[in-house]
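Okay, here's what each chain looks like letter by letter:
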Amino acid sequence: MRITVAGAGIIGLSCAYRLAGAGHEVKVVAAAPPGETTSATAGGVLYPPVRRPDKRIVRWTAETLAVLRAQEAPGVRFRRGRVLLAPGEPEPQWLPAMIDPVRDGDRLVFTTAVVDTPVYLDWLLAQVVSQGVRVEYRSLTSLAGLGPVVNAAGLGAGVLAGDGSMVPIGGQVVHLSDPGLTEFVVDETGPGVTYVIPQGGHVVCGGTEEPGRGDVEPNPGVTADIVRRCRELVPALAGAEVLRSLVGLRPFRPVVRLERVGEVVHCYGHGGSGITLAWGCAADVADLMSASSR
């Protein structure tokens, strides 16, 4: 089939790759290049940080981890790290999907993929283009008339689908110079989440969750607070230089929408878990689209 994929973030490009690999003629249409999407500002540690009552999350996570292990792509490293849980927090459903997981009291220790998303997105875009996929950068106001289409346009997907349940959740991060950290740390014990994710050349420090935020201008006060929290969590960052601050608008929906309606396969609402769920969701999208051609 000739299929249009709306969106060039991690979800859209993964879907395009899967569909092209299945023999379809694919075109990606997006308002902005991958490096300007929310995906490019992500911390990039692969595990589902949002607790959702959705059994698909575990399967999607396991599939994404398996794909990244097989790809050996630039920007992807496998690191051991720890997640600190609130006292008495139950073991998350996704833990067995990680590599060599261990629970030590209220601490989870496991190995997973840590993705430098701008580097990985550039590589993935090149892979998609090498499969013959055409990429166009222009805004879409409707899915009508596109024929078979995958709606993976992030926040724009809700507008294209007329879905009012989609909301932006602002997330600010700070990049510090890397003093040589080898492990990631995520602290989920507070009212918010604090994380330190080493990427080799820099460390992604975060973060914030601001429902309804509409701008991407970093707040200097928030930058200072993130740096303080992360240095308390990982004292080795005490002398690390502040390199930059970034803000992304996570495309959140109470439940990820992945379903086929007529000629449209909707795949959106991943919130801050796009990198974690991308390849699992892309496999389901390819299956739904292929089923529609039978």
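Provided above is the structure to which this section pertains.
Residues numbered from 1 in each chain as written. Predicted model: local features only at pLDDT ≥ 70, side-chain atom pairs only at ≥ 80, totals over all residues. Heavy atoms only, no water.

## Focus: the pairing of strand β4 (residues 99-104)
For a regular strand, side chains alternate in direction, first toward one face of the sheet and then toward the other. Note: β4 against strand β5 (residues 107-115), four bridges, orientation antiparallel. By the bridge assignment for β5, Ile-99 is matched with Thr-111. Connecting β4 to the antiparallel partner β5 that follows it, the hairpin turn spans two residues, and Gly-105 within it adopts a positive phi of roughly 65 degrees. (Pairing = 2+ DSSP bridges. Helix = DSSP H or I, 4+ residues; strand = E, 2+ residues; numbered from the N terminus.)

## Describing the nonpolar core
Ranked by internal contacts, the top residues of the largest apolar core, which has 64 residues, are Phe-110, Tyr-120 and Val-150. Broken down by element, this core gets its largest block of residues, nine residues, from helix α6 (residues 274-292). Excluding anything up to four places from it in sequence, Tyr-120 contacts Ile-10, Leu-68, Gln-71, Ala-73, Pro-74, Val-76, Val-115, Ile-275 and Trp-279. The next biggest cluster of nonpolar side chains, apart from the first, holds 15 residues, and it includes Leu-84, Leu-176, Ile-226 and Leu-233. (Core = buried A, V, L, I, M, F, W, Y, C linked by side-chain atoms within 4.5 Å. Buried < 20%, exposed > 50% of the residue type's maximum accessible area, 1.4 Å probe, protein only. Contact = heavy atoms within 4.5 Å.)

## Examining the side chain of Asp-187
When you line up the elements, Asp-187 lands in strand β9 (residues 184-187). Lacking a salt bridge, the buried Asp-187 has Arg-229 as its closest oppositely charged neighbour, with an N-O distance of 8.1 Å. At 2.5 Å, the side chain of Asp-187 forms a polar contact with the side chain of Thr-189. Among all residues touching Asp-187, those that are not within four sequence positions of it are Leu-84, Gly-192, Val-193, Thr-194 and Leu-233. (Lys, Arg positive; Asp, Glu negative; His and termini not counted. Salt bridge = Lys/Arg side-chain N within 4 Å of Asp/Glu carboxyl O. Polar contact = N/O pair within 3.5 Å; in protein donor to acceptor, adjacent residues only side chain to side chain.)

## Section: the pattern of salt bridges
Opposite charge on two side chains permits pairing when their charged atoms draw close. Counted by the stated rule, this structure contains 15 salt bridges. Put simply, Glu-25 and Arg-2 hold a salt bridge, and the shortest N to O gap is 3.5 Å. With Glu-25 in strand β2 (residues 25-30) and Arg-2 in strand β1 (residues 2-6), the pair connects residues that are 23 residues apart, well separated along the chain. The class for Arg-2 is exposed, based on a relative accessible area of 65%. Between Arg-103 and Asp-106 there is a salt bridge; the shortest N-O distance is 3.7 Å. On the basis of relative accessible area, Asp-106 is assigned to the partly exposed category, the value being 31%.

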